[in-house]
Amino acid sequence: MRFLIILLAASFIISCKDSKKGYQQIQNDEAEMALATELLPGKEIVENECYICHNPVASEDRMIAPPLVAVKWHYIEEETTKEEFTAALLNWLNDPQPEKVKMHGAVRKFGIMPYQPYTEKEVEDIASYLFETDIPQPDWFEEHQKKAHQKGKGKGKGKGKGKGKGMGKGKNTAVNEEDEVYFPRADYYTEQGAKISAAAQGRLGKNLVNAIQEKGPEGAISFCNLNAKGITDSVAIMNNVLIKRISDQPRNPQNEATEEEQGYIIAFKRQIANQADIRPVLKEVENDEVYYYSPITTNAMCLQCHGTPEKEIKEPVQLALKKLYPEDQAIGYTAGDVRGMWKIQFVKE
């Protein structure tokens, strides 16, 4: 009898322990699910917007911006809190200026990123996702970091090296952080780019209005097909630059934006959607060229050829578009939408 009581007591204790372990496991699972749900908004922004430029699977020579794992590496030290990281990210994203640069090597290689007017809540979501997760790391990144170490400027304290394809919180400032970001005459190129793009827009718009008045919208399609490039080229020659109109939804396939330029267009769309100041993009290329980008937006006149078929785009115009631009993507816009960008190429003085 005594043995039976002892056996029952032992079974009861083991059962309690197992129940406690099971309860703790449930709590841990629930906590992980809650964290995953909390991080989902930031994950969606990162994957749908940030990865357009900060692509974690692109080869090193095809990167158009530093991978986000490198951003974590530069912004998060051992003692950095999520709140501090969020504040730093908000300070940079909503006002990217040369004096705020922490990733000097990246800016020298890629230029300063375009202004991204994210709301404070969106930045909090992005920061939370980056801070809490091991985000994907490009295959080449570890070797890149080793080479940077060998050049010998590492000052960061460092924390963790990530798991698998990701990287945890950490910092390694192996690049020379004392190097200043130097872009001579940036204000000059910004001012000239604005003037030249406005002149091209004015010249093209005036001729297009005349074509619509004389031949109707369908006649204006033929006019643009034959004359638009010549009009913008004439403005380019007068100003000793190259001018091109580019779009993520091009009418002419020759005007399709590159992956990098699509990122700029997204930035302009966000600026307009948030009723923020429009800030053109200025990029220095290979030390002897400067690119200026500014958005092209639609108005009521544009919708006759770029609006919705059967609504703003009448049948004769649709037929003309189908004939001259069989691969046309430049429809479905509403007034005020970003339809593309002006790209002005300067030879650096």
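The preceding data block contains the structure.
Reference entry: report on the structure contained in this document.

Parameters and conventions
Residues numbered from 1 in each chain as written. Predicted model: local features only at pLDDT ≥ 70, side-chain atom pairs only at ≥ 80, totals over all residues. Heavy atoms only, no water. Helix = DSSP H or I, 4+ residues; strand = E, 2+ residues; numbered from the N terminus. Contact = heavy atoms within 4.5 Å. Areas by Shrake-Rupley, 256 points an atom, 1.4 Å probe, with all protein chains shown as cover. Polar contact = N/O pair within 3.5 Å; in protein donor to acceptor, adjacent residues only side chain to side chain. Buried < 20%, exposed > 50% of the residue type's maximum accessible area, 1.4 Å probe, protein only. Pairing = 2+ DSSP bridges. Axes fitted to C-alpha atoms, helices over the stretch in contact; angles between N-to-C directions. Phe/Tyr/Trp six-rings, centres within 6.5 Å; stacked < 30°, edge-to-face > 60°. 1 Å grid on protein atoms, 1.4 Å probe; cavity = no way out; pocket = protein on both sides within 12 Å on 5 of 7 lines; lining within 4 Å. Points joined across faces, edges and corners; volume = space filled by probe spheres on them. Parallel < 35°, antiparallel > 145°, perpendicular 65-115°, else oblique. Left-handed = near helix turned anticlockwise from the far one by under 90°. Nonpolar A, V, L, I, M, F, W, Y, C, P; charged D, E, K, R; others polar. Core = buried A, V, L, I, M, F, W, Y, C linked by side-chain atoms within 4.5 Å. Expected span 1.5 Å × (residues − 1). Arc of directions from axis to C-beta.

Now for the overall build of the protein chain. Counting secondary structure elements, the protein chain contains 10 helices and 6 strands. Of all intrachain contacts in the protein chain linking residues separated by at least 6 positions in sequence, the fraction that spans at least 24 positions is 73%. Total accessible area computed for the protein chain in this model is approximately 20000 Å², and 53% of it derives from carbon and sulfur atoms.

It is worth spelling out the side chain of Arg 270 at this point. Its location among the elements puts Arg 270 in helix H8 (residues 259-273). Here the side chain of Arg 270 touches Glu 122 through a polar contact of 3.0 Å, side chain to side chain.

Moving on: the environment of Phe 110. In this fold, Phe 110 is placed in helix H4 (residues 104-110). For the pair Phe 110 and Ala 65, spaced 45 residues apart in sequence, the C-alpha separation works out to 5.9 Å. Not counting the four nearest positions on each side in its chain, Phe 110 is found in contact with Met 63, Ile 64, Ala 65, Pro 66 and Lys 283.

Here the focus is the environment of Arg 339. With respect to the element layout, Arg 339 can be found in strand E6 (residues 338-347). The class for Arg 339 is buried, based on a relative accessible area of 18%. Among residues more than four places away in sequence, those in contact with Arg 339 are Ser 247, Asp 248, Ile 296, Thr 297, Thr 298, His 306 and Tyr 333.

Read from one edge of the open sheet, 4 strands run E3-E6-E5-E4, paired in antiparallel fashion. The sheet is open, and its two edges are formed by strand E3 (242-246) and strand E4 (281-285), each paired on a single side. Across the sheet, the mean angle separating the axes of adjacent strands is 20° when strand polarity is ignored. The strands that helix H7 (residues 186-239) touches are E3, E4, strand E5 (289-297) and E6; relative to E6, the one it contacts most, it runs at about 130°. Sheet contacts for H8: E3, E4, E5 and E6; angle to E6, the most-contacted strand, approximately 125°.

The tally for this structure, following the rule as stated, stands at 6 aromatic pairs. Seen in terms of ring centroids, Trp 140 and Phe 141 are 6.1 Å apart; in terms of plane orientation they differ by 65°. Their pairing is edge-to-face. You can call Phe 141 buried: its relative accessible area is 2%. For the ring pair Tyr 188 and Tyr 189, a centre distance of 5.2 Å and an interplane angle of 70° mean the geometry is edge-to-face. The class for Tyr 189 is buried, based on a relative accessible area of 1%.

Bringing empty space enclosed by the protein into the picture now. Taken as a whole and judged by the stated rule, the model has 1 cavity of 30 Å³ or more. Lining the largest cavity are 34 residues; nearest its centre among them are His 54, Ala 65, Pro 66, Trp 92 and Met 113. Taken together, the elements giving at least two residues each to the lining of the largest cavity come down to helix H1 (2-53), helix H2 (68-75), helix H3 (82-93), H4, helix H5 (120-132), H8 and E4.

A separate point is the packing of H7 against helix H10 (residues 315-324). When two helices pack together, their arrangement is captured by the angle between the axes and the distance separating the axes. As a packed pair, H7 and H10 sit with axes 8 Å apart at the nearest point and diverge in direction by 20°. As judged from the angle between their axes, H7 and H10 are roughly parallel. Between H7 and H10 lies a crossing whose hand is right-handed. In contact with Pro 217, Glu 218, Ile 221, Ser 222 and Asn 225 of H7, H10 contributes Pro 316, Val 317, Ala 320, Leu 321 and Leu 324. When the residues that make up the contact of H7 with H10 are grouped by side-chain class, the tally is 7 nonpolar, 2 polar and 1 charged.

Moving on, we come to the nonpolar core. Core analysis: the largest hydrophobic core is formed by 33 residues, its most contacted members being Val 46, Leu 68, Tyr 75, Phe 85, Leu 89 and Leu 130. Looking at this core, the elements that each hand over two or more residues are H1, H2, H3, H4 and H5. If we skip the residues at most four places from it in the chain, Leu 130 touches Val 46, Leu 68, Lys 72, Phe 85, Leu 89 and Ile 135. Core analysis: the second largest hydrophobic core is formed by 22 residues, Ala 211, Ile 212, Phe 223 and Ile 231 among them.

Here we come to H3. Here H3 is 12 residues long and its end C-alpha atoms lie 16 Å apart, about the 16 Å a rise of 1.5 Å per residue gives. Along H3, the residues that are buried comprise Phe 85, Thr 86, Ala 88, Leu 89, Trp 92 and Leu 93. Projected onto a plane normal to the axis of H3, the buried residues spread over an arc of 165° and lie on a single side. Buried residues in H3 make contact with H2 and H5.

Read these as layout, nothing more, since geometry by itself doesn't imply function.
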